[in-house]
Amino acid sequence: MENFRLSQFALFSGFSDLQINQLKTLMEFCSQPANMVLFEQGALTEYLYFLLEGEVTIHYKPYDGPSLIIARITPGNVFGWSAALNRNAYSSSANTKTDCKFLKIKSSNLTDLCNRFPETGTLLLDRLASVISERIENSNQEIRLLLRNGMDVNGEC
């Protein structure tokens, strides 16, 4: 694993060096070139991802329409959080927009983290809860804008 300083990212600020090392023991470093699919909507949930470098786009495909970009992930942010929510399948797709470097943690390792290092696990889950709620709020705003643009045929809405 390349030696990235996780504490430089807001998600991990306030974590002790010991806690960062506990996390790193359960994470895997990966890099992917631009325009790669990391996971598809509906695929079995396997990993939670922390983007270190690059940009990832999150796509949602409604059953009756084209795929929509619902989020753009930048360094220091998390995606694939279906793994943290213990869901069986990803609710959206993730694609690399640029060359990317990230850390990923298996959903089973999240459980292991909480069992082996409860303080670190609780702190991570608290931070993830904040990130997920913020992302849901931002997604709701983006979806409202898409709906408004789609419904506003006469420019009056």
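### Observations regarding the overall build of the protein chain
For step 1, the next point in the chain: In terms of helices and strands, the protein chain carries three helices and eight strands.
For step 2, the next point in the chain: Helices and strands in the protein chain line up, N terminus first, as α-β-β-β-β-β-β-β-β-α-α.
For step 3, the next point in the chain: Looking at the 157 residues of the protein chain, the share that counts as buried comes to 39%.
For step 4, the next point in the chain: Partitioning the intrachain contacts of the protein chain with sequence separation of at least 6 by distance along the chain shows that 76% fall at a separation of at least 24.
For step 5, the next point in the chain: Carbon and sulfur atoms make up 50% of the accessible area of the protein chain, which totals about 9000 Å².

### Looking at the nonpolar core
For step 1, the next point in the chain: Leu 6, Phe 12, Met 27, Leu 48, Phe 50 and Leu 124 are the most contacted members of the largest nonpolar core, which totals 24 residues.
For step 2, the next point in the chain: Those elements that place two or more of their residues in this core are helix 1 (17-25), strand 1 (27-32), strand 3 (47-53), strand 8 (100-106), helix 2 (107-116) and helix 3 (118-151).
For step 3, the next point in the chain: Not counting residues within four places of it along the chain, the set of residues in contact with Leu 124 comprises Phe 12, Phe 15, Leu 23, Phe 50, Leu 110 and Leu 113.
For step 4, the next point in the chain: Val 56, Ala 71, Ile 73 and Tyr 90 belong to the second largest nonpolar core, which has 16 residues in total.

### Some remarks on the pattern of salt bridges
For step 1, the next point in the chain: In this structure the tally under the stated criterion is three salt bridges.
For step 2, the next point in the chain: Here Glu 55 makes a salt bridge to Arg 72, at a shortest N to O gap of 3.8 Å. Of this pair, Glu 55 sits in the loop between strand 3 and strand 4 (56-60) while Arg 72 sits in strand 5 (residues 68-73), and the two are 17 residues apart along the sequence.
For step 3, the next point in the chain: Taking relative accessible area as the criterion, Arg 72 reaches 49% and is therefore assigned partly exposed.
For step 4, the next point in the chain: For the salt bridge of Asp 112 with Arg 116, the shortest nitrogen-to-oxygen distance reads 3.2 Å. Here the residue Asp 112 and the residue Arg 116 both occupy positions in helix 2, the gap between them amounting to four residues, near one helical turn.

### Some points on the sheet that holds strand 8
For step 1, the next point in the chain: Strand order in the open sheet formed by four strands is 1-8-3-6, with antiparallel pairing between adjacent strands. Sheet topology places strand 1 and strand 6 (78-79) at the edges, where each strand pairs with a single neighbour.
For step 2, the next point in the chain: Judged from the six bridges that link them, strand 1 and strand 8 form a sheet pairing that is antiparallel. Among the inter-strand pairings, Met 27 is bridged to a residue of strand 8, identified as Ile 105.
For step 3, the next point in the chain: Sheet strands in contact with helix 2 are strand 3 and strand 8, and its direction is about 65° off that of strand 8.

### Thoughts on the confidence of the model for the protein chain
For step 1, the next point in the chain: Scored by pLDDT, the protein chain has a mean of 85; 83% of the residues are at 70 or more.
For step 2, the next point in the chain: The element-level mean pLDDT for the protein chain is lowest in helix 3, coming to 73, with strand 7 (residues 93-96) highest at 98.

### Quick look at the sheet that holds strand 4
For step 1, the next point in the chain: Taken together, the four strands give an open sheet; going across it, the order is 2-7-4-5, and neighbouring strands pair in antiparallel fashion. The outermost strands of the open sheet, each flanked by one partner alone, are strand 2 (37-39) and strand 5. Looking at each pair of strands side by side, their axes are set apart by 30° on average, direction ignored.
For step 2, the next point in the chain: In this sheet, strand 7 lies alongside strand 2 in antiparallel orientation, the contact comprising two bridges. By the bridge assignment, Val 37 is partnered in strand 7 with Asn 95.

### Let's talk about unusual backbone geometry
For step 1, the next point in the chain: A positive phi is found at Asn 35, a non-glycine position, where the angle reads about 65°.
For step 2, the next point in the chain: Even without being glycine, Asn 86 reaches a positive phi, approximately 60°.
For step 3, the next point in the chain: Tracing the backbone through its elements, the reader meets Asn 86 in the loop between strand 6 and strand 7.

Conventions we followed
- Residues numbered from 1 in each chain as written.
- Predicted model: local features only at pLDDT ≥ 70, side-chain atom pairs only at ≥ 80, totals over all residues.
- Heavy atoms only, no water.
- Helix = DSSP H or I, 4+ residues; strand = E, 2+ residues; numbered from the N terminus.
- Buried < 20%, exposed > 50% of the residue type's maximum accessible area, 1.4 Å probe, protein only.
- Contact = heavy atoms within 4.5 Å.
- Areas by Shrake-Rupley, 256 points an atom, 1.4 Å probe, with all protein chains shown as cover.
- Core = buried A, V, L, I, M, F, W, Y, C linked by side-chain atoms within 4.5 Å.
- Salt bridge = Lys/Arg side-chain N within 4 Å of Asp/Glu carboxyl O.
- Pairing = 2+ DSSP bridges.
- Axes fitted to C-alpha atoms, helices over the stretch in contact; angles between N-to-C directions.
- pLDDT = per-residue confidence, 0-100.

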